[in-house]
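# An overview of the molecular structure
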Amino acid sequence: NAGVTQTPKFQVLKTGQSMTLQCAQDMNHEYMSWYRQDPGMGLRLIHYSVGAGITDQGEVPNGYNVSRSTTEDFPLRLLSAAPSQTSVYFCASSYSRASYEQYFGPGTRLTVT
Amino acid sequence: AQSVTQLGSHVSVSEGALVLLRCNYSSSVPPYLFWYVQYPNQGLQLLLKYTSAATLVKGINGFEAEFKKSETSFHLTKPSAHMSDAAEYFCAVSDQAGNQFYFGTGTSLTVIP
């Protein structure tokens, strides 16, 4: 199993550009989530999904969109990037809920200039 | 919303000394509590979790944590630090539905040879 994979590993965007961060898992997990990690602030939940076709907002959803058309994939879209979105983004998945063990991807380091 | 507070953003211990990382949570109902570890440039990995089965929880790599409801604490300990324990440690709590995670701001552990 590859576990949780994320692409790209690094990305630089200009303010106003859009992009999609990809996340995939091959463990048949129902629950998937996106976090951003900023210095001194830990990880904060952006969006999560409890299954295909079901998504919900986390703690910091503004400026981000998600969709879950398949069990395996959970992309995160930035529609109009802002410097405040410079961060490290982690995707995670778990068997059914966050209360089970979450498996994290290696992260995407995003810089918005 | 749930929250966790990690006391001490940086902790240094000598190799072989006791490791104690502090975590307090805010909740009137015992939640699900977790400790995760992050090695440099990697995603997070579960160390241990509390799900009300036992107040003393043993995890991987010799770590354990004790849930104390009266103190709303879930401190992480290891009797003897190894150089390989140097990493960032995060305490986290999930909401009652198990869908949203709230992470602490992290404690960076340095092990001095």
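Look a little higher up for the structure.
These figures come from a predicted structure and were not determined experimentally.

## Some points on the nonpolar core
Formed by 27 residues in total, the largest nonpolar core has its most connected members in B:W35, B:L47, B:L48, B:F74, B:L76 and B:Y89. Where this core is concerned, the elements lending two or more residues are β2 (10–14), β3 (19–26), β4 (32–38), β5 (44–50), β7 (64–68), β8 (73–78), β9 (87–94) and β11 (107–112) of chain B. Those residues within four positions of B:Y89 in sequence are excluded, and the remaining contacts are B:Q6, B:L21, B:W35, B:Y36, B:V37, B:L47, B:F63, B:L76, B:G106, B:T107 and B:L109. Grouped together as the second largest cluster of nonpolar side chains are 18 residues, A:L21, A:I46, A:A81 and A:L110 included.

## Quick notes on the pairing of β3(B)
Residues and elements named next belong to chain B. Burial along β3 is one-sided: V19, L21, C23 and Y25 are buried, while L20, R22, N24 and S26, pointing the other way, are not. Note: strand β1 (residues 3–7) against β3, five bridges, orientation antiparallel. By the bridge assignment, Q6 is partnered in β3 with C23. Relative to β8, β3 runs antiparallel, the two being bridged by four bridges. Across the sheet, L21 pairs through a bridge with L76, a residue of β8.

## Some words on the state of the cysteines
Applying the stated criterion to the full structure yields two disulfides over all chains. The side chain of A:C23 participates in a disulfide bridge whose partner is A:C91; the two sulfur atoms lie 1.8 Å from each other. Disulfide A:C23 to A:C91: torsion about the S-S bond roughly -70°, handedness left-handed. With A:C23 in strand β3 (residues 19–25) and A:C91 in strand β9 (residues 87–94), the pair connects residues that are 68 residues apart, well separated along the chain. Residue class for A:C23 comes out buried when judged on its relative accessible area of 1%. We classify A:C91 as buried; its relative accessible area is 0%. A disulfide bridge connects B:C23 with B:C91, and the sulfur atoms are separated by 1.9 Å. Taking the sign of the S-S torsion, about -65° here, the bridge from B:C23 to B:C91 comes out left-handed. Placement of the pair is B:C23 in strand β3 and B:C91 in strand β9, with a sequence separation of 68 residues.

What counts, and where the lines are drawn
- Residues numbered from 1 in each chain as written.
- Chains lettered and ligands numbered in written order.
- Predicted model: local features only at pLDDT ≥ 70, side-chain atom pairs only at ≥ 80, totals over all residues.
- Heavy atoms only, no water.
- Core = buried A, V, L, I, M, F, W, Y, C linked by side-chain atoms within 4.5 Å.
- Buried < 20%, exposed > 50% of the residue type's maximum accessible area, 1.4 Å probe, protein only.
- Helix = DSSP H or I, 4+ residues; strand = E, 2+ residues; numbered from the N terminus.
- Contact = heavy atoms within 4.5 Å.
- Pairing = 2+ DSSP bridges.
- Disulfide = S-S within 2.5 Å.

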